[in-house]
Amino acid sequence: MPRPRRRAALVLVQLLTLALAACGSGPDDGSGPVTLDWYNFPDDSGALQQAADSCGRASGGRYSIRYDKLPRTADGQRQQLVRRLAAHDAGVDIMGLDVTWAPEFAEAGWIREWTGAAKEQAGADTLAAALKTATWKDRLYAVPYNSNTQLLWYRDDLVPAPPRTWAEMLGMAGELAKAGKPHFVEVQGAQYEGLTVWFNTLVTSAGGSVLTPDATAPSLGPPAVAAAGVIRDLARSPAADPSLSNQMEDQNRLAMESGTAAFELNYPFVYPAMKADRPELFPHFRWAPYPAVLPDRPASVTIGGIDLAVGAYSRHPELAQEATLCLRNRDNQLTNALKGGLPPSLRGLYTAAELTDSYPFAADVLAALDSASVRPQTPAYQNVSIAISHALSPPSAVQPESTVSALSGQLRDALGSKGLIP
């Protein structure tokens, strides 16, 4: 390289190094409180900012927390975190991880393990399924911030008693369609993570799993064929919203609020939204357990939520752990549930009057979380999820036997990092 270009390159490296240092988390010389950077999903309710402010005050001036908003989509959130951590960014002190990311981030050495007293405090009163999402190779790498699960939401002015199975629900929807009444079943059918979640819930509800217990090979089999059959049956029935193949959670919510649907499979955030947006429909907006695939086997709904991890390159890991435990404490989880509609990861809150008064479905959420399934735990999860959502899109094109057979081969390639990801 010519000498002038070499000098320019060295200057650029120095500037980049200074830029990364500037992203760090506050003074190290004791001249003032440390600023901890917390990267998490964008929250419009104000609950996350309130938690950051209250924990900063509670620290007695030892630290403050800066809430840095990640992109709105899960893919965008992961991409930004991966880029920062791959660059050893010391400014990532605390981060909100989707419940599928802990194995990947832990295997890469990007997040710190929780041990000793901090680990015990993190596990106290925390739901078992939520803790499992934050665990990799029997080691805890994150702390559940909130949990999440889907329920069946329906209109009791159209359906006096909720369906217990998918077959019953499709039958009810067909009868409503014949009568010229709202009849759609709203569910996540777009080619993204929501479709993977739907499939995983159906597979586990049929008694199977996507991968083997050690997550080294596809499992699938008859339960996966049954799951694919449910997706196909809905997509080709009158119950299917014409926008099924493009719908995500918020589109499902809006369709239900518009009055065209009778059923919705979605997260609890839809409840306060319906109350605020459609007060005339709200009195008829009810909930029930997620419908079963098999009549003699209750559904096992895929757990969702956010886990908080401490960055491996943080200059203040002990303070970051302390702040993390504060961010997900009882008061902040309660605020997050009431303002943001996100179910807690602390078991004790589900019987607290402060929650149940505004969360009348708390017992149903807790029951779903106690029997929840977890998405495949593997560092290759991103590849696995892409393979699943690609194979099942659009839902109307699913052929249960052949689709599952093809998916099995795609999952083997995804786990072995072979071939091209669709």
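Since this is a predicted model, take the numbers as computed values, not measurements. (Residues numbered from 1 in each chain as written. Predicted model: local features only at pLDDT ≥ 70, side-chain atom pairs only at ≥ 80, totals over all residues. Heavy atoms only, no water.)

**With respect to the confidence of the model for the protein**
Part 1 of the reasoning: Residue-level pLDDT values for the protein average 92, and 91% of them are 70 or greater.
Part 2 of the reasoning: Confidence drops under pLDDT 50 across residues 1-24; counting only partners more than four residues distant or on other chains, this segment forms 14 contacts. (pLDDT = per-residue confidence, 0-100. Contact = heavy atoms within 4.5 Å.)

**Focus on the pattern of salt bridges**
Part 1 of the reasoning: Evaluation of the coordinates by the stated rule reveals 18 salt bridges.
Part 2 of the reasoning: Between Asp44 and Arg72 there is a salt bridge, with the nearest N and O atoms lying 2.9 Å from each other. Of this pair, Asp44 sits in the loop between β1 (34-40) and α2 (47-58) while Arg72 is found in the loop between β2 (63-69) and α3 (74-86), placing the two residues 28 residues apart along the sequence. Here Asp44 and Arg72 have matching classes, each one exposed.
Part 3 of the reasoning: For the salt bridge of Asp89 with Arg84, the shortest nitrogen-to-oxygen distance reads 2.7 Å. (Salt bridge = Lys/Arg side-chain N within 4 Å of Asp/Glu carboxyl O. Helix = DSSP H or I, 4+ residues; strand = E, 2+ residues; numbered from the N terminus. Buried < 20%, exposed > 50% of the residue type's maximum accessible area, 1.4 Å probe, protein only.)

**Remarks on the state of the cysteines**
Part 1 of the reasoning: If you walk through the whole model with that rule in mind, you get one disulfide.
Part 2 of the reasoning: Between Cys55 and Cys326 runs a disulfide, and the two sulfur atoms are separated by 2.1 Å. Judged by the sign of its S-S torsion, about -100 degrees, the bond between Cys55 and Cys326 is left-handed. Note that Cys55 is positioned in helix α2 and Cys326 in helix α12 (residues 317-327), a separation of 271 residues in sequence.
Part 3 of the reasoning: Among the residues examined, Cys55 registers a relative accessible area of 0% and is labelled buried.
Part 4 of the reasoning: By relative accessible area, which is 16% here, Cys326 ends up buried. (Disulfide = S-S within 2.5 Å.)

**As for the pairing of strand β3 (residues 94-98)**
Part 1 of the reasoning: Buried residues dominate β3, accounting for five of its five residues.
Part 2 of the reasoning: As defined by bridge partners, β1 adjoins β3 across two bridges and the pair is classed as parallel. Looking at the pairing, Trp38 lines up with Ile94 of β3.
Part 3 of the reasoning: Of the strand pairs in this sheet, β3 and strand β11 (residues 304-310) are connected by five bridges, and their pairing is antiparallel. Bridge pairing in β11 links Ile94 to Val310. (Pairing = 2+ DSSP bridges.)

**Focus: the sheet that holds β1**
Part 1 of the reasoning: One open sheet holds the five strands; their spatial order is β2-β1-β3-β11-β6, and the pairing between them is mixed. Looking at the sheet topology across the chains shown, the edges are occupied by β2 and β6 (143-148). For this sheet the average axis-to-axis angle between neighbouring strands, irrespective of direction, equals 20 degrees.
Part 2 of the reasoning: Both β6 and β11 contribute to a ladder of five bridges, which runs antiparallel. Among the inter-strand pairings, Val143 is bridged to a residue of β11, identified as Leu308.
Part 3 of the reasoning: Where α2 meets the sheet, its contacts fall on β1, β2 and β6, and the angle it forms with β2 comes to roughly 165 degrees. (Axes fitted to C-alpha atoms, helices over the stretch in contact; angles between N-to-C directions.)

**Quick look at the sheet that holds strand β10 (residues 285-288)**
Part 1 of the reasoning: The strand order across the open sheet formed by four strands is β8-β9-β7-β10, and the pairing between neighbours is mixed. Each edge of the sheet is formed by a strand with only one pairing partner; in this case those strands are β8 (184-186) and β10. On average, each strand axis in the sheet is tilted by 20 degrees relative to the strand beside it, whichever way the strands run.
Part 2 of the reasoning: Pairing geometry for strand β7 (residues 151-155) and β10, over four bridges, is antiparallel. Bridge pairing links Trp153 to Trp287 in β10.

**Side note on the environment of Ala128**
Part 1 of the reasoning: Note that Ala128 resides in helix α6 (residues 128-133).
Part 2 of the reasoning: Residues Ala128 and Ser371, 243 residues apart in the sequence, show an inter-C-alpha distance of 9.9 Å.

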